[in-house]
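As a plain string of letters, each chain reads:
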2 protein chains.
Amino acid sequence: MSDIPQRPTLAVVGATGAVGTVMLALLTERPDVWGEIRLVASARSAGRTLRVRGEDVPVQALAPEVFDGVDIAVFDVPDEVSAQWAPVAAARGAVAVDNSGAFRMDPDVPLVVPEVNADAVADRPRGIIANPNCTTLSMIVAVGALHRAFGLESLVATSYQAASGAGQSGIDTLYAQLELVGGTRELGQTAGDVRKAVGEEGLGPFPAPLALNVVPWAGSLKDGGWSSEELKIRNESRKILGLPGLRVSATCVRVPVVTTHAVAVHARFSQPVTAGQARDVLASAPGVAVLDDPSAGEFPTPADVVGTDPTWVGRIRQSPDDPYEVALFVCGDNLRKGAALNTLQIAEFLAGG
Amino acid sequence: MSDIPQRPTLAVVGATGAVGTVMLALLTERPDVWGEIRLVASARSAGRTLRVRGEDVPVQALAPEVFDGVDIAVFDVPDEVSAQWAPVAAARGAVAVDNSGAFRMDPDVPLVVPEVNADAVADRPRGIIANPNCTTLSMIVAVGALHRAFGLESLVATSYQAASGAGQSGIDTLYAQLELVGGTRELGQTAGDVRKAVGEEGLGPFPAPLALNVVPWAGSLKDGGWSSEELKIRNESRKILGLPGLRVSATCVRVPVVTTHAVAVHARFSQPVTAGQARDVLASAPGVAVLDDPSAGEFPTPADVVGTDPTWVGRIRQSPDDPYEVALFVCGDNLRKGAALNTLQIAEFLAGG
């Protein structure tokens, strides 16, 4: 990382999006390791001014020249935009840290969660580092800490995914649907009546109504009936943990929550693990906050932890039938640790922060 | 069952509750195998008149005499009321079919799901038959069909449980919370703001806000940090399936849905099972409806199946890493099959229906 100077120049590509907005807030809140911060977006947004570190910064249109003099470029844009432009940034000398799905499984691109595999950033032959999917990120810091201590053998993960995982249109759709059904006590008791109230045009990015409902689908259809989101949890967990043979089975379900993904994790290890042992490891793990006292009503919920940085863990239990298996309930803000924060943590690590 | 006459007399105890209301609707809809139907509730509700089979029927106060001449008494009342009164009904000659938790794990009381273990009704030394918990019931018909075909070895079940599982107060609480947060777009983005909007007094029967949230808790605290609801899934599944050594690990989570529980099931069998084999078994299983074509956006969701009788199954997948494991997403109306319908099916089976 010797090629990155003190107070490097950072470019934020996708500065005007839902994740970009969180990124600018984080850049303002966190210790400032940056020299120039350059904001980049599509031509449509160019010319706008956004506030970061207390200053108004103009948004520049995405073009090869915007990367000249940039040391690190973070991308939060659609896959196809990243696929085209991250290599352009790298060719101009920047390290590209990309939050799309374009490069995550590329063997020449490290997939990095600083608390788990920070050292992987060093080997980046394409000059690109990938940021994991938000659902993987919502649990992997906790799972990684347990793996280091006990040796992970298999994982069943079922998600309770927030609407904002589908971007700003996901958020807007959920709020619009809630306004339609919120005051109507008859809705939700008869098959299809929520669907009728919402209408086909009100579904937004979701394949079924999300208000007063849960929807067992996220992403696109892959082989064997698996959704792309479910396979991302499997494939990305394997790559981040360095466990190519890890057995992973996931079911991804969208729930009517605005922001913060929750994941019920049932993990099996190579040795018996008590709840107390798991709790001790998690309590001292960087990036993890344990909230686990059901007798006092304490466990993480999305609405109670949204807007915070840690991976929150509660409901830590040893299986009554298998001493090698531990169950957890994990919550992580999908726009912060699940996207903007982890991307920025990678950039800060590169910057020697 | 020779002691139950043609057109037997049925008593419905708890006729005025949320499940009782569904019971009366089902008694009106379904083939009429009953002679007299007697409605029973607490003294507070006695004297009211409720409509069943198109007739107005007076509600009688719970007392030993109401069971005189009753052949079958179905109970949907709190555990302590059942514990006291189901034996009274049995002593007066009725078969008590009880939907509380009071008798489910009693070795002298069969725990029955007609599609799975109807024959178990015959051995009822106490004159009492128990109806399973609603979350177990929401998945067990599908799981039971797969067990018969492939031999179940272990089960990970994570629930997406509806508010009505906590009774009428659960329903009322969810609607009231939705009215508070429905039109407020700022809510749900900052930790604790939903909690502040709802207030401590607005939590109702839930330990955290349910609107714009999910809550990883149902029931009471048991050993090892498990909730009573999670252990019910384990213990009841073992008893119903006749598998005392079955490995079961469950995480129960309440979601902002009015009625219909969903369960993500990851089940491991004694032999390899393809998705096609599982789908074929489920498609021909009594009480199961398969809705599984993600390419056409087809999978069950609570809002699309609420108010119907079957156990709906979709997202049928074979694990990519373990050919013995199958994942499913199951939806069942927790007030119908999860409570009133199964209770009535047991009663009808006793009546020779």
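Looking at an unreviewed UniProt entry, one finds chain A named Aspartate-semialdehyde dehydrogenase and attributed to Parafrankia colletiae. Under Catalytic activity (unreviewed entry), UniProt gives the following word-for-word description of chain A: "L-aspartate 4-semialdehyde + phosphate + NADP(+) = 4-phospho-L-aspartate + NADPH + H(+)". Heading Subunit (unreviewed entry) of the UniProt record for chain A holds this comment: "Homodimer."

Undergrad: Go over the interface of chain B and chain A, please, and point to the residues and values.
TA: Between chain B and chain A, the residue contacts involve 80 residues of the former and 80 residues of the latter. Summed over both partners, the interface of chain B with chain A comes to about 6,200 Å²; 58% of that surface belongs to carbon and sulfur atoms. For the interface between chain B and chain A, the tally reads 16 salt bridges. The salt bridge involving A:R195 is made with B:D304; its shortest N-O contact spans 2.7 Å.

Undergrad: Describe helix α7 (residues 228-241) of chain B, and please don't skip the residues or the numbers.
TA: The terminal C-alpha atoms of α7(B) lie 19 Å apart, and with 14 residues this matches the ideal 20 Å at 1.5 Å per residue to within 8%. A large share of α7(B) lies buried, amounting to 11 of its 14 residues. For α7(B), the full list of buried residues reads B:S228, B:E229, B:E230, B:L231, B:I233, B:R234, B:E236, B:S237, B:R238, B:I240 and B:L241. On its buried face, α7(B) sits against β12 (311-318) of chain A together with α3 (114-117), α4 (134-150), β8 (152-160) and β9 (247-251) of chain B. Count one or two residues on from α7(B) and you reach B:G242, which has phi positive near 70°.

Undergrad: Lay out the relation of the copies chain B and chain A in plain terms, naming residues and giving numbers.
TA: For the pair of chain copies, the relating transformation is a rotation about an axis with a translation along it. Mapping chain B onto chain A calls for a rotation angle of 180° and an axial translation of 0.0 Å; the resulting RMSD is 0.0 Å. Such a turn and shift between the copies fits a two-fold axis. It is B:G182 whose C-alpha, among those of chain B, lies nearest the rotation axis, at 2.7 Å. The overlap is high: 100% of the interface residues of chain B also sit at the interface in chain A, so the same surface is used on both sides.

Undergrad: So what's going on with the sheet that holds strand β1 (residues 10-13) of chain A? Residues and values would help.
TA: All names here are of chain A. An order of β3-β4-β2-β1-β5-β6-β7 is seen for the 7 strands of this open sheet, with the pairing classed as mixed. Two strands close off the open sheet at either side, each with one partner strand: β3 (49-52) and β7 (128-130). With strand direction ignored, the average angle separating the axes of adjacent strands in the sheet is 30°. The pairing of β1 with strand β2 (residues 37-41) spans 4 bridges and is parallel. In the sheet register, V12 faces β2, and the bridge partner there is L39. Across the sheet, helix α1 (residues 18-29) touches β1, β2, β3 and β5 (72-75), and the angle it forms with β3 is around 40°. In this fold helix α2 (residues 79-91) packs onto β5, β6 (95-98) and β7, with an angle of close to 175° to the strand it touches most, β5.

Undergrad: Run through the UniProt feature "binding site: phosphate" (unreviewed entry) in chain A, naming residues and quoting values.
TA: Residues and elements named next belong to chain A. In the numbering used here, UniProt assigns the feature "binding site: phosphate" (unreviewed entry) to R104. Mapped onto the fold, R104 is located in the loop between β6 and α3 (114-117). Excluding its chain neighbours within four sequence positions, the residues that come into contact with R104 are N99, V109, L111, A130, N131, P132, N133, K232, E236 and K239.

Undergrad: Residue-level account of the side chain of A:K337, with values.
TA: All names here are of chain A. Among the secondary structure elements, K337 is positioned in helix α10 (residues 336-350). Its relative accessible area of 3% is what places K337 among the buried residues. Polar contacts involving the side chain of K337 include one to the side chain of Q345, which spans 2.5 Å. If sequence neighbours within four positions are ignored, K337 has contacts with V113, P114, E115, L137, V141, D309, T311, N342 and Q345.

Undergrad: Pulling in residues and values, what's your account of the nonpolar core?
TA: Residue and element names in this part refer to chain A. Counting 59 residues, the largest nonpolar core has F75, M139, L152, V265, L282 and L328 as its most contacted members. Of the residues forming this core, the biggest block, 9 residues, is contributed by helix α4 (residues 134-150). Each of domain 1 (10-132 + 339-350) and domain 2 (136-161 + 218-334) contributes no fewer than three residues to this core. Setting aside residues no more than four positions away along its own chain, L152 makes contact with V143, H147, L241, L243, L246, A267, R268 and F269.

What counts and how
Residues numbered from 1 in each chain as written. Chains lettered and ligands numbered in written order. Predicted model: local features only at pLDDT ≥ 70, side-chain atom pairs only at ≥ 80, totals over all residues. Heavy atoms only, no water. UniProt positions renumbered as here; feature names shortened; annotations may be inferred. Contact = heavy atoms within 4.5 Å. Buried area = accessible area lost by both parts, 1.4 Å probe. Salt bridge = Lys/Arg side-chain N within 4 Å of Asp/Glu carboxyl O. Helix = DSSP H or I, 4+ residues; strand = E, 2+ residues; numbered from the N terminus. Expected span 1.5 Å × (residues − 1). Buried < 20%, exposed > 50% of the residue type's maximum accessible area, 1.4 Å probe, protein only. Least-squares fit on C-alpha atoms with pLDDT ≥ 70 in both. Pairing = 2+ DSSP bridges. Axes fitted to C-alpha atoms, helices over the stretch in contact; angles between N-to-C directions. Polar contact = N/O pair within 3.5 Å; in protein donor to acceptor, adjacent residues only side chain to side chain. Core = buried A, V, L, I, M, F, W, Y, C linked by side-chain atoms within 4.5 Å. Domains from an automatic or database assignment.

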